[in-house]
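Structural features, examined
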Amino acid sequence: MKKIQSLGVHHITLTGADRQTSIDFWEGVLGMPFIFDQPNLDDPDEGHLYFDPGDGRLITIFTNESRKPVHDRTPMDPGCVHHIAFEVDRAMFDQVLERLKERGIGNSGIKDRGFMHSIYFKDPLGLLIELACYAFIPPRGSSHAEVMLEAHKLRVARGANAIEREHLADAAVMIVERSQTSLSDDRAPKNPYRS
């Protein structure tokens, strides 16, 4: 038996309401360019809208003009989507609360998750949306996932409940030392300010 290896998220498809509500939210609030539009090939009564969330992958929405926005929380039964998180950079994250307030969109306020900061709010259909900003930049040539894996190992070894900034910083040092050689024989921490 062999695994089926995934290479990343290809797309996420959500059931939306009417066409304009979908465009107004995904492009008009979240800034995702509306790049492709065709009928739902499995249901001719629905449209299928495609948006670029910023990384060239796709968020797609099935629309139907008879469906109207509802503001109830989407189901959280087993197997249902709890929320979808989108990455924003620090400059944008610092503007999110004000930009949501301008539209009258309620939100969670800023949540510090140790390795990232988050703000949660609902889309017009009650789907919980998270805007997330990492608290770290991975070393060049590595990924957020690689830093998170190393930080997790450090967290567990040190008996911490959750990943903290120290774990992230130490993980970045480990990754750089592992991936970048040096002319120095001894790369241990030093204090050049000693008296």
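A quick note: this is a predicted structure, and the numbers were derived from the prediction, not measured. (Residues numbered from 1 in each chain as written. Predicted model: local features only at pLDDT ≥ 70, side-chain atom pairs only at ≥ 80, totals over all residues. Heavy atoms only, no water.)

As for the domain arrangement of the protein chain
This is how it is decided: Where each domain starts and ends comes from a domain assignment, either automatic or drawn from a database. The contact criterion used throughout is that any non-hydrogen atoms of two residues lie within 4.5 Å. The term buried area denotes the loss of accessible surface (1.4 Å probe radius) that occurs when two parts are joined, taken as the sum for both partners. We count a salt bridge whenever a side-chain nitrogen from Lys or Arg sits within 4 Å of a carboxyl oxygen from Asp or Glu. Pairs of N or O atoms are called polar contacts if they sit within 3.5 Å, as long as, within protein, a hydrogen donor faces a hydrogen acceptor (for residues adjacent in sequence, only side-chain-to-side-chain pairs). As a working rule, the residues Ala, Val, Leu, Ile, Met, Phe, Trp, Tyr, Cys and Pro are called nonpolar, Asp, Glu, Lys and Arg charged, and the rest polar, with Gly in that last group.
Here the protein chain is partitioned into domain 1 (11-134) and domain 2 (144-179). Just the C-alpha atoms count here: the centres of domain 1 and domain 2 sit 31 Å apart. Contacts between the two partners involve 7 residues from domain 1, matched on the other side by 5 residues from domain 2. For the pairing of domain 1 and domain 2, the buried interface totals around 510 Å² over both sides, and the portion due to carbon and sulfur atoms is 60%. On the domain 1 side of the interface with domain 2, the three residues burying the most area are Gly114, Phe115 and Tyr134, jointly 80% of the side's total. On inspection of domain 1 and its partner domain 2, the count reaches 1 salt bridge. Between Arg165 and Asp112 there is a salt bridge; the shortest N-O distance is 3.3 Å. The interface formed by domain 1 and domain 2 contains 3 residue pairs in polar contact (both at pLDDT 80 or more). For the side of domain 1 that touches domain 2, the per-class residue count stands at 2 nonpolar, 2 polar and 3 charged.

Observations concerning the sheet that holds strand E1 (residues 11-15)
Threshold: One bridge is not enough; two strands pair if DSSP finds at least two bridges between them. In this text, helices come from DSSP runs of H or I with a minimum length of four residues, and strands from runs of E with a minimum of two, each type numbered from the N-terminal end. Note on geometry: axes are C-alpha line fits, over the in-contact stretch for helices, and angles between N-to-C directions span 0 to 180 degrees.
The sheet built from 4 strands is open, its strands ordered E1-E4-E3-E2 with mixed pairing. Each edge of the open sheet carries a strand with a single partner, namely E1 and strand E2 (34-40). Taking each pair of neighbouring strands and ignoring which way they run, the sheet shows an average axis angle of 20 degrees. Direction of pairing for E1 relative to strand E4 (residues 58-63): parallel, over a ladder of 5 bridges. Paired with Leu14 across the bridge in E4 is Ile61.

Some points on the pattern of salt bridges
Operational definition: Each residue is placed in one exposure class: buried if its accessible area under a 1.4 Å probe, protein chains only, is under 20% of its type's maximum, exposed if it is over 50%, and partly exposed if it falls in between.
Throughout the structure, instances matching the rule amount to 10 salt bridges. Ionic pairing is found between Glu146 and Arg178, a salt bridge with its closest N-O pair at 3.0 Å. You can see Glu146 sitting in helix H3 (residues 144-158) and its partner Arg178 sitting in helix H4 (residues 165-179), a full 32 residues away along the chain. Judged by relative accessible area, which is 28%, Glu146 ranks as partly exposed. A relative accessible area of 48% means that Arg178 is categorised as partly exposed. One network of salt bridges, with partners in common, ties together Glu146, Glu150, Lys153 and Arg178.

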